[in-house]
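# Coordinate analysis (summary)
Below are the chains, spelled out letter by letter.
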Amino acid sequence: NAGVTQTPKFQVLKTGQSMTLQCAQDMNHNSMYWYRQDPGMGLRLIYYSASEGTTDKGEVPNGYNVSRLNKREFSLRLESAAPSQTSVYFCASSRQGISGNTIYFGEGSWLTVV
Amino acid sequence: GENVEQHPSTLSVQEGDSAVIKCTYSDSASNYFPWYKQELGKRPQLIIDIRSNVGEKKDQRIAVTLNKTAKHFSLHITETQPEDSAVYFCAENTPLVFGKGTRLSVIA
């Protein structure tokens, strides 16, 4: 099992460009998440999907959209990238969103917006 | 909203000493408290977790304690080794709300 796989690993964007981060999990998990990590700020939740067909905003959703394409895949889209979105993005998944099961992270995507 | 305060932000200990990291939370309904370890350039990985019906949990050199009345929980690492050097994050509930992290350095 690959676990949680996200692409691309590295990306440089110009201000105003759009892009989509892809994430897939092969653990048959119900819940999926997108976090961003900035120095000194910890991990902040952008959006999550408690189950297939649902999505909810997290702490820092502005400037992002998500799609839960099916049970395996959860994508994050930046419609018009801004330098403030330079960050490391982690996709994650867990078996059940409410009962507090372990979440597993992908390897991260390093995004730079210039 | 939910909030997790984590202290200290940096911690240096001599190899073999103990390290303690503390977190406080605000939501009295929180019932799940994991700790994650993140090595440089890597993904966060769960090292131990505790649920609200338990006061303490141990796994070899790592332990977590929970005080629901005071709304704080702590990570204890005994007999620290250089490979324990990393950033540690506490979190609460699901979806997880993370503390800002503690950079632990174990000096040989």
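Details of the structure are given in the entry above.
It should be emphasised that the depicted structure is a prediction, and the values quoted were computed from it without experimental measurement.

So, on to the overall build of chain A. Assigned secondary structure in chain A consists of zero helices and 11 strands. Across chain A, helices and strands are ordered from the amino to the carboxyl terminus as β-β-β-β-β-β-β-β-β-β-β. The C-alpha radius of gyration of chain A comes to 13 Å, within 12% of the 13 Å expected for a compact globule of 114 residues. Principal-axis analysis of the C-alpha atoms gives chain A an extent of 40 × 25 × 25 Å. Buried positions account for 49% of the 114 residues belonging to chain A.

Under the definition given, this model contains two disulfides over all chains. Paired by a disulfide, C23 of chain A and C91 of chain A hold their sulfur atoms 1.9 Å apart. Its torsion about the S-S bond being -75 degrees, the disulfide of C23 of chain A and C91 of chain A is classed as left-handed. A residue pair is termed long-range when its members are at least 10 positions apart, and C23 of chain A in strand β3 (residues 19–25) and C91 of chain A in strand β9 (residues 87–94) qualify at 68 residues. Classification of C23 of chain A by relative accessible area gives buried; the value is 3%. On the accessibility criterion, C91 of chain A (0% relative accessible area) is buried. Each sulfur of the disulfide joining C23 of chain B and C90 of chain B lies 1.9 Å from the other. With the S-S dihedral at roughly -100 degrees, the linkage between C23 of chain B and C90 of chain B falls on the left-handed side. Taken together, the positions of C23 of chain B in strand β3 (residues 19–25) and C90 of chain B in strand β9 (residues 86–92) put the pair 67 residues apart, joining distant regions of the chain.

Residue and element names in this part refer to chain A. Here we have four strands laid out as an open sheet, ordered β1-β3-β8-β7, and antiparallel in their pairing. For this open sheet the edge positions go to β1 (4–7) and β7 (64–68), each flanked by a neighbour on one side alone. Between one strand and the next, the sheet's axes are offset by a mean angle of 15 degrees, whatever the strand orientation. Direction of pairing for β3 relative to strand β8 (residues 74–78): antiparallel, over a ladder of three bridges. Opposite L21, over in β8, you have L76 as the bridge partner.

Moving on: the environment of T69 of chain B. Assignment of secondary structure puts T69 of chain B in the loop between β7 (62–67) and β8 (72–77). Spatially, the C-alpha atom of T69 of chain B lies 8.7 Å from that of S28 of chain B, the residues being 41 residues apart in sequence.

What follows concerns the interface of chain B and chain A. The interface is formed by 17 residues belonging to chain B together with 22 residues belonging to chain A. Taken together, both faces of the contact between chain B and chain A bury some 1600 Å²; the carbon and sulfur share is 55%. Counting across the chain B and chain A interface gives one salt bridge. With a shortest N-O distance of 3.1 Å, E107 of chain A and R43 of chain B are connected by a salt bridge. If you look at where chain B meets chain A, you find five residue pairs in polar contact (both at pLDDT 80 or more). The set of elements that each furnish at least two residues to the side of chain B that touches chain A consists of β4 (32–38) and β5 (45–51) of chain B. Its residues assigned to classes, the side of chain B that touches chain A shows eight nonpolar, four polar and five charged.

Calculation criteria
- Residues numbered from 1 in each chain as written.
- Chains lettered and ligands numbered in written order.
- Predicted model: local features only at pLDDT ≥ 70, side-chain atom pairs only at ≥ 80, totals over all residues.
- Heavy atoms only, no water.
- Helix = DSSP H or I, 4+ residues; strand = E, 2+ residues; numbered from the N terminus.
- Rg over C-alpha atoms; globule rule 2.2 N^0.38 Å.
- Buried < 20%, exposed > 50% of the residue type's maximum accessible area, 1.4 Å probe, protein only.
- Disulfide = S-S within 2.5 Å.
- Pairing = 2+ DSSP bridges.
- Axes fitted to C-alpha atoms, helices over the stretch in contact; angles between N-to-C directions.
- Contact = heavy atoms within 4.5 Å.
- Buried area = accessible area lost by both parts, 1.4 Å probe.
- Salt bridge = Lys/Arg side-chain N within 4 Å of Asp/Glu carboxyl O.
- Polar contact = N/O pair within 3.5 Å; in protein donor to acceptor, adjacent residues only side chain to side chain.
- Nonpolar A, V, L, I, M, F, W, Y, C, P; charged D, E, K, R; others polar.

Spatial relationships are all this shows, so hold off on functional conclusions.
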